[in-house]
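Topology and contacts: notes
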Amino acid sequence: MSDQPSEASRPPENPKEAGAPGPPEPSSSSEAAGPPAAGRPDTTPARSAGEPATDAPPPSAVRDPAPARASGAPRQRAQGAPKAGVPGNPWQHGAGAPAAPGDGATARLRPPPPSLIRPAVLGSVLATALLSAIFLGDGLGVNLLIVAVPAALAAFFAARAAGRRLRPWTAAWAVGGLALLAVPALRDAGWPTFLAVVSAFALGSLALHGSRTWPGVLIGSLGLFDSVVPGIIWGVRGVRARAEGSRARWGAALRTTLVALVLLVVFGTLFAGADAAFAELLGGLVPDASVGEGPWRIFLFALGLAGALAAAHAAAAPVRWDGITVRPGKPRGRAEWALPLIVLDLLFAAFVILQLVVLLGGYDKVRDVTGLSHAEYARQGFWQLLWATLLTLLVIALALRWAPRGGTGDRTLVRAVLGPLCVLTLVVVASALRRMDLYVDEYGLTRLRISVAAMELWLGVVLILILAAGVFGARFLPRAIAVSAAAGVLAFGLLSPDGLIAEQNVQRFEDSRSTAIDIDYVKDLSADAVPALDRLPEPERSCALRVIQNDVLRADTPWYATSWGEARAKEILEKRPVKGDARDCYGAGREGTRDGYEPDDDGYDPY
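Quick caveat: nothing in here was measured; it's all calculated off a predicted structure.

So, how was this worked out
Residues numbered from 1 in each chain as written. Predicted model: local features only at pLDDT ≥ 70, side-chain atom pairs only at ≥ 80, totals over all residues. Heavy atoms only, no water. Helix = DSSP H or I, 4+ residues; strand = E, 2+ residues; numbered from the N terminus. Buried < 20%, exposed > 50% of the residue type's maximum accessible area, 1.4 Å probe, protein only. Contact = heavy atoms within 4.5 Å. Areas by Shrake-Rupley, 256 points an atom, 1.4 Å probe, with all protein chains shown as cover. Patch = residues over 30% accessible without salt bridge, like charges linked within 9 Å, V, L, I, M, F, W, Y side chains within 5 Å. Salt bridge = Lys/Arg side-chain N within 4 Å of Asp/Glu carboxyl O. Phe/Tyr/Trp six-rings, centres within 6.5 Å; stacked < 30°, edge-to-face > 60°. Lys NZ or Arg CZ within 6 Å of the ring centre and 35° of its normal.

1. A word on the overall build of the chain
Summing up its helical and strand segments, the chain has 24 helices and 0 strands in all. Out of the 607 residues belonging to the chain, those deemed buried represent 42%. Taking all contacts inside the chain whose residues are at least 6 apart in sequence as the whole, residues at least 24 apart take part in 78%. About 31,100 Å² of surface is accessible on the chain, with carbon and sulfur atoms providing 66% of the total.

Structural data, given as structure tokens:
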């Protein structure tokens with residue numbers, strides 16, 4: 001699965017091209033000619049354009065790098081590393097390069113160490129650390145975007161210094177990651193925020209590493225952790241090297257910073273004392289920090305510093321995770337491979353025929369046979385169908401691993417067997433979603449129900465992508481599935497699941513489809529649910545909003561850690577605060593049935 005050329009097929013390198021411009025980013029190796037040396041050590045020194053030849057390593061080191069390492073010379077010298085301060089080739093050593101004894105398991109995937117950290121990179125890293133210490137201590141909101149911008153700039157400057165160029169997929173990952181960080185700024189609910197932050201981290205790591213194969217996408221989404229320690233070491237060495245001989249400049253910069261801070265503090269204090277409006281504005285913009293928060297702020301500073309250095313180091317010298325190859329399974333005979341799958345296709349077809357009868361309005365006959373109501377029939381099989389979908393994807397992956405690969409006839413057989421299985425599984429997905437719709441219509445929407453329905457819907461998208469890969473080729477399938485997952489998380493957060501839950505339950509109550517709304521459940525929703533719950537009549541409205549009002553109005557959260565959903569809820573509750581006290585809520589929302597069970601029923605509802 002690697003896109004690295006084999007050593008036997010690699011043409012000899014021309015030493016005269018050592019000063020050529022930097023190679024393209026690794027993620028586009030399939031779109032360009034590929035990195036100049038991805039399968040064996042490059043014995044030609046990597047020099048940028050215009051670098052004098054006197055900086056090249058001795059000829060002995062070029063001809064035989066192994067003795068140079070054995071004699072104690074720096075490893076990067078033996079590999080033809082660039083001179084300090086001069087951008088080198090980040091892909092000089094690609095996948096398949098032999099590793100020296102004692103090297104780690106991923107040594108062949110790593111390029112040489114990057115050149116010294118540039119001032120622009122260092123400034124962006126320090127800005128990220130300072131903003132992390134200032135803004136990240138009070139919660140999550142727009143502050144994540146504020147911190148992410150200088151971190152992204154640090155990675156951009158480091159990649160440009162290393163000779164990497166911006167590619168479409170890199171831009172797509174980066175833009176997607178920043179878009180996901182908008183979810184905490186818009187939504188108050190913690191669970192979609194968590195999914196968005198984790199997905200943004202994964203997309204950012206993919207943007208830095210440029211992976212395109214299955215191992216590359218899976219491991220590359222977490223590859224940023226691998227650059228934390230090397231990034232810190234790289235930053236410390238760069239600061240030490242640049243500090244030597246430039247103490248006068250560092251002293252001038254420190255004096256300038258101190259003078260600017262003194263002026264800001266003195267005149268800011270005077271203006272704040274002279275005008276109350278300016279004091280309020282200044283108090284809202286400047287974060288509150290106490291001595292007791294010192295250790296917490298120091299930890300956030302270190303976290304931002306390490307994260308930004310890791311991102312910059314990964315951008316300058318990304319690990320070639322695409323170099324990890326997974327050997328295909330041993331091809332099976334046509335009959336041995338196809339017969340079990342054909343039997344599975346027939347089983348799916350029989351099940352799908354029955355589901356089509358139900359979906360097209362033949363439920364009365366099913367009810368006569370089973371004696372189940374709509375909701376009971378829907379609740380009975382959703383989880384089984386969800387697991388059937390997941391297991392079908394596993395079967396497809398294993399079938400492709402051991403599929404016959406003899407020629408055109410084998411490819412036609414694979415498509416003829418797995419194509420119908422994917423189509424039939426799509427009908428299973430539709431049946432599962434229909435069952436969930438029936439159950440929600442009867443008993444209302446909850447966080448678990450909306451989550452598993454979204455999961456089932458995404459699995460259907462994955463099946464469609466697999467079908468498309470069978471027709472147009474699987475070159476972009478790993479990245480397409482990653483994009484679909486990130487898009488699903490972004491849409492899930494932007495749609496406000498807590499708001500949808502409250503809206504659906506309030507609508508059922510207004511349409512008299514439910515004798516009472518489940519106050520015990522909706523009162524624990526986030527502030528995103530306030531606009532929908534505000535439409536309830538009294539005392540249901542006050543009972544549903546009492547807990548949320550206490551959380552929203554008593555919280556002294558600064559502007560950068562306040563989401564739009566929380567700000568909107570605060571505005572509504574300030575205009576129309578809750579009425580009465582908690583004693584009025586003892587009987588509210590407890591009439592009739594709840595989630596399909598009588599109040600005195602001890603049955604457990606897994607939804």
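That shown, we press on.
2. What about unusual backbone geometry?
A cis amide bond links glutamate 538 with the next residue in sequence, proline 539, at an omega value of 0°. Position of proline 539 relative to the elements: it lies in the loop between helix 22 (530-533) and helix 23 (540-554). Even without a glycine there, the phi angle at serine 496 is positive, about 60°. As for its position among the elements, serine 496 is in the loop between helix 19 (477-494) and helix 20 (497-510).

3. Notes on the environment of arginine 415
Take arginine 415: it is sitting in helix 17 (residues 408-443). Judged by relative accessible area, arginine 415 falls into the exposed class, the value being 51%. Residues within four places of arginine 415 in sequence aside, it is in contact with Pro420 and Gly470.

4. A word on a nonpolar patch on the surface
Judged by side-chain polarity, Val259, Val262, Leu263, Val266, Phe267, Leu270 and Phe271 come together as a nonpolar surface patch covering roughly 660 Å² of accessible area. Leucine 263 gets classed as partly exposed once you look at its relative accessible area, which sits at 46%.

5. Concerning the packing of aromatic side chains
Considering all chains together, one arrives at 10 aromatic pairs under this definition. An angle of 70° between the planes, with centres 6.4 Å apart, marks the rings of phenylalanine 135 and tryptophan 559 as edge-to-face. Here phenylalanine 135 is found in helix 4 (residues 119-135), whereas its partner tryptophan 559 is found in the loop between helix 23 and helix 24 (564-575), with 424 residues between them in sequence. Plain terms: the ring middles of phenylalanine 201 and phenylalanine 225 are 4.9 Å apart, the flat faces sit at 40° to each other, and that makes the pair tilted. In this pair, phenylalanine 201 is assigned in helix 8 (residues 190-209) and phenylalanine 225 in the loop between helix 9 (214-220) and helix 10 (228-243), connecting sequence segments 24 residues apart. One Lys or Arg, arginine 401, reaches over the ring of tryptophan 402 and ends 5.8 Å from the middle of that ring.

Keep in mind these values describe shape, not function.
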